[in-house]
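In case you want the letters, here they are:
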Amino acid sequence: MKKLQNRNVKKYTLAALLMGVGLHSFAQETGKKNDPEKPVTIDSFDVVRDYKPILADAVKIRRSPDMTNKREYQPKLSYNSILDKKLDINTGLKQLNVQEIPFAQPFEHSSNYVKLGIGNYNSILGEAYLASEQFENTRFGLFAKHLSQKGNIDGQKFSTQDIGVFGRRVLDAVTVKGTIGYNRYGTNFYGQTFDQSGTTLLNTTPDKQTFTDIYLNGELTSNVDPKNEQAISYSAKVDGYLFKDAYKAKENSIALSGYLNKRLSAFNVGANLSVNMNDVKNENDTANVKNNLLLVNPYIRFKGDNYNVTLGANLTSEFGDQSRFNVFPSVEADFALAPEYISLFAGINGGVRQASFRNFAKENPYLAPNVRIANSIEKMNIYAGLKGNAGATFGYKVKVFYKQIEGLALFKNSAFGNSQDGYIPWAFDVVYDGQINKAKHMGLEGEINVRLSQLVNLGGKVYIDDYNLSDEEEAWGLPKFRLQANARFNISDKFFVDAELSTQGNTYAYIYDYNADGSRVTDNNGNAVGRKASVASFADLNAGAEYRIKKQFGVFVKANNIFGKEYERYMYYPRLGFNVIGGLNYSF
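Residues numbered from 1 in each chain as written. Predicted model: local features only at pLDDT ≥ 70, side-chain atom pairs only at ≥ 80, totals over all residues. Heavy atoms only, no water.

Undergrad: What am I meant to see in the overall build of the chain here?
TA: Along its length, the chain carries two helices and 28 strands. A total of 588 residues make up the chain; the buried ones form 35% of that total. Long-range pairs, those at least 24 residues apart, make up 57% of the contacts in the chain between residues at least 6 apart in sequence. Counting only carbon and sulfur atoms, one obtains 57% of the accessible surface of the chain, whose full area is about 37000 Å². (Helix = DSSP H or I, 4+ residues; strand = E, 2+ residues; numbered from the N terminus. Buried < 20%, exposed > 50% of the residue type's maximum accessible area, 1.4 Å probe, protein only. Contact = heavy atoms within 4.5 Å. Areas by Shrake-Rupley, 256 points an atom, 1.4 Å probe, with all protein chains shown as cover.)

Okay, structure coming up:
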């Protein structure tokens, strides 16, 4: 058996050698043609076999294709006549606005304009705005405005003048801007105060009141790359003004402020700093006040894709005639429940509201001389709410809050007659609530902006307030409900219409009864008799329209107090009734 296996191995070995020799010979004789008549010898032979591709069963296609051309529907094409017209590549192109400011007018090629108008109540309007736009990174110019009106009541006059220059320069690292201006507002103490019988007018010769304001402000702000996660941003600002009235009351103010912020990937660290120095002088030197305030607000802010949390503190120092130091928390959080659509925000903080004669006079121009100036302290301010939007067409915000205030400022009718140190009953003192126990202020604020289309923009704000006072009977002059709404309709490129509605709930005033000679009515003990009186609620609707006759020339009309009710914002001072101003404007 073993011999038979050795014999077979020898046979196979011999056959393999013979095949190797044959293949070697074939490789060397590739270039030769085979002769069919020449016999194949044992040292040279060719093996030829046709190539037959074989597919595995798994990849075979066992269905024959349908070679018939079947088209169930043959469309009939008709090109009519093809117009030989050049394509206007500018068709339909316009400036792309990433986010349009609500209620803004359509883009104008030039912002320079002059406007002149007249109306009933001896209304005269003049307005101008001139700016240089020839430089890409520099803008400067001037503005001026005049408006005067005279009502049917003796002394019911109003006039305002405002003029100033401004400039702005954008550099590589910073942006610098500033304004210097002059403002004048004139009116009279025309308050309609009668004796207790309601037949004798006590204010027969209204005194004049004039406020002048020289102001300036300047700011330097860094230009920060939003993509730089290690960016440092900063700003420095200066504000100052000289403000005075017709009765030797004046206020000088200078304020320096700034901030520094360092971005560190997912969070920011920084601080806000401000120093406000106010010096108020009155006709009576005993009412002079030096009121200065220093504020330092360090913070750290954590920011993610769907959250924003700020932790900080407000360190305030009052110095001047009175010195106080307070530390308040400053915490705020914002969480996106549905990114861009709805966010929840909440916070708690506190601070000092610096009192200002200028701010009081702009809010109520019928102030008595020698008003008291004192700061208000918000011991606590807790708030929470929702905000969001739906694209660029709808935005909203709702907030509720609770405040504890020490020194809530209120406008209260003057407690003295005109025979006592120049005080008049139709003027207002500033009184402060919360000196004994803190005044509580609770409220709700809501805001909505809707852009129905490029033609219609709507917006509105609502304020609901409630006060729990410790010293005063009512929050004199402060309404518990306010609503402001506006709308703009861009009828066409040449015609625009806008409207504004302002409503306010009733307010309260503290008044006295007077005799025909102007003295106050007293009780049996000789004390003046005062009482709470209600100032009725009102709704004021204004509307205007503008039509551009030419590219640079147009006409406008503005109707104010369309309902025609001579309502009172403050006791004894009725407003003008229905009035209209119309005129021309020219832009260039």
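Undergrad: It is not clear to me how the packing of aromatic side chains should be interpreted in this structure. Could you clarify?
TA: Each aromatic ring pair is characterised by the separation of its centres together with the angle its planes make. Inspection of the entire model under this criterion finds 23 aromatic pairs. Ring geometry for tyrosine 190 and tyrosine 573: centres 5.0 Å apart, planes at 85°, overall edge-to-face. With a gap of 383 residues between them, tyrosine 190 in the loop between strand 5 (174-188) and strand 6 (208-222) and tyrosine 573 in strand 27 (residues 573-574) connect regions that are remote in the sequence. Neither residue differs from the other here; tyrosine 190 and tyrosine 573 are each classed as buried. Its end group placed over the ring of tyrosine 383, lysine 399 keeps NZ or CZ at 5.6 Å from the ring centre. (Phe/Tyr/Trp six-rings, centres within 6.5 Å; stacked < 30°, edge-to-face > 60°. Lys NZ or Arg CZ within 6 Å of the ring centre and 35° of its normal.)

Undergrad: Please clarify how the environment of serine 159 should be interpreted in this entry.
TA: Mapped onto the elements of the fold, serine 159 is located in strand 4 (residues 157-170). Accessibility expressed as a relative area gives 16% for serine 159, which makes it buried. Note: C-alpha distance between serine 159 and threonine 187 (28 residues apart in sequence) is 6.7 Å. Look past the residues within four positions of serine 159 in its chain and what remains in contact with it is Leu147, Ser148, Arg184, Tyr185 and Gly186.

Undergrad: Please clarify how the pairing of strand 28 (residues 579-587) should be interpreted in this entry.
TA: Strand residues, when the strand is regular, have side chains that alternate between the two faces of the sheet. Of the two faces of strand 28, only the one carrying Asn579, Ile581, Gly583, Asn585 and Ser587 is buried; Val580, Gly582, Leu584 and Tyr586 on the other face are not. Strand direction decides the pairing type here: strand 1 (residues 113-119) and strand 28, joined by seven bridges, are antiparallel. Among the inter-strand pairings, glycine 119 is bridged to a residue of strand 28, identified as isoleucine 581. In this sheet, strand 28 lies alongside strand 25 (residues 553-560) in antiparallel orientation, the contact comprising eight bridges. For lysine 558, the partnering residue across the bridge sits in strand 28 and is isoleucine 581. (Pairing = 2+ DSSP bridges.)

Undergrad: Sorry if this is basic, but what is going on with the side chain of asparagine 375 here?
TA: Here asparagine 375 shows up in the loop between helix 2 (357-363) and strand 14 (376-389). By relative accessible area, which is 9% here, asparagine 375 ends up buried. At 2.8 Å, the side chain of asparagine 375 and the side chain of glutamate 318 are in polar contact. Within polar-contact distance, the side chain of asparagine 375 engages the backbone nitrogen of alanine 355 at 2.8 Å. Not counting residues within four places of it along the chain, the set of residues in contact with asparagine 375 comprises Asn291, Glu318, Arg324, Val352, Arg353, Gln354, Ala355, Glu406 and Gly407. (Polar contact = N/O pair within 3.5 Å; in protein donor to acceptor, adjacent residues only side chain to side chain.)

Undergrad: Any chance you could explain the confidence of the model for the chain here in plain terms?
TA: Do not read the fine detail of predicted coordinates wherever pLDDT is low. Mean pLDDT over the chain stands at 85; residues scoring 70 or higher make up 80%. Long-range and interchain partners of residues 1-6, a stretch whose pLDDT sits below 50, account for zero contacts in this model, where long-range means more than four residues apart. Confidence over residues 417-422 falls short of pLDDT 50; this stretch has six contacts with residues more than four positions distant or in other chains. (pLDDT = per-residue confidence, 0-100.)

Undergrad: So what exactly am I meant to see when it comes to the nonpolar core here?
TA: Side chains of a nonpolar character, in soluble globular proteins, are inclined to be buried together. Grouped together as the largest cluster of nonpolar side chains are 50 residues, with contacts concentrated most on Phe357, Phe360, Leu367, Ile373 and Tyr573. Of all elements in the fold, only strand 6, strand 7 (232-244), helix 2, strand 16 (408-413), strand 17 (428-433), strand 22 (507-512) and strand 23 (530-535) reach the threshold of two or more residues within this core. Contact partners of tyrosine 573, with chain neighbours within four places excluded, come to Asn188, Phe189, Tyr190, Gly191, Tyr366, Trp426, Phe428, Tyr567 and Glu568. (Core = buried A, V, L, I, M, F, W, Y, C linked by side-chain atoms within 4.5 Å.)

Undergrad: What exactly am I supposed to notice about the environment of glycine 141 here?
TA: As for its placement among the helices and strands, glycine 141 is situated in strand 3 (residues 138-150). For the pair glycine 141 and threonine 179, spaced 38 residues apart in sequence, the C-alpha to C-alpha distance is 9.8 Å. The residues contacting glycine 141, other than those within four sequence positions of it, are Leu130, Ala131, Gly164, Val165 and Phe166.

Undergrad: What is the right way to look at the pairing of strand 7 in this model?
TA: In this sheet, strand 7 lies alongside strand 6 in antiparallel orientation, the contact comprising ten bridges. In the strand pairing of strand 7, glycine 218 is matched with valine 238. Alignment of strand 7 against strand 8 (residues 250-264), held across 13 bridges, turns out to be antiparallel. Bridged to lysine 237 within strand 8 is serine 257. Hairpin connection of strand 7 to strand 8: five residues between the antiparallel strands, including lysine 248 at a positive phi of 65°.

Undergrad: What is the right way to read the pattern of salt bridges from this model?
TA: Two side chains that carry opposite charge are able to pair once their charged atoms sit near each other. Summed over the entire model, instances satisfying the criterion amount to 18 salt bridges. With its nearest N and O atoms 4.0 Å apart, the salt bridge here joins glutamate 406 to lysine 438. Linking glutamate 406 in strand 15 (residues 394-406) with lysine 438 in the loop between strand 17 and strand 18 (439-451), this pair joins segments that are 32 residues apart in sequence. Overall, lysine 438 belongs to the partly exposed group, its relative accessible area being 27%. A salt bridge links glutamate 472 to lysine 412; the nearest nitrogen and oxygen atoms lie 3.2 Å apart. Taken together, the residues span a long stretch of sequence, with glutamate 472 in the loop between strand 19 (456-468) and strand 20 (481-490) and lysine 412 in strand 16 at a distance of 60 residues. For lysine 412, a relative accessible area of 17% translates into the label buried. Look at the salt bridges and you will find they share partners, linking Glu318, Arg324, Glu406 and Lys438 into a network. (Salt bridge = Lys/Arg side-chain N within 4 Å of Asp/Glu carboxyl O.)

Undergrad: Would you explain unusual backbone geometry in this entry?
TA: Of note, the phi angle at lysine 248 is positive, near 65°, even though the residue is not glycine. A positive phi angle, close to 60°, is found at asparagine 370, a residue other than glycine. Summarising the element assignment, asparagine 370 is placed in the loop between helix 2 and strand 14. For asparagine 370, a relative accessible area of 18% translates into the label buried.

Undergrad: Can you walk me through the environment of serine 132 in this structure?
TA: Following the sequence through the fold, serine 132 ends up in strand 2 (residues 123-132). For the pair serine 132 and serine 111, spaced 21 residues apart in sequence, the C-alpha separation works out to 9.4 Å. If sequence neighbours within four positions are ignored, serine 132 has contacts with Thr138, Arg139 and Phe140.

Undergrad: In this structure, what is going on with the side chain of asparagine 381? I would like to understand it.
TA: Inspection of the secondary structure assignment puts asparagine 381 in strand 14. With a relative accessible area of 10%, asparagine 381 lands in the buried category. Ignoring sequence-local partners within four residues, the contact set of asparagine 381 consists of Gly347, Ile348, Asn349, Phe401, Tyr402 and Lys403.

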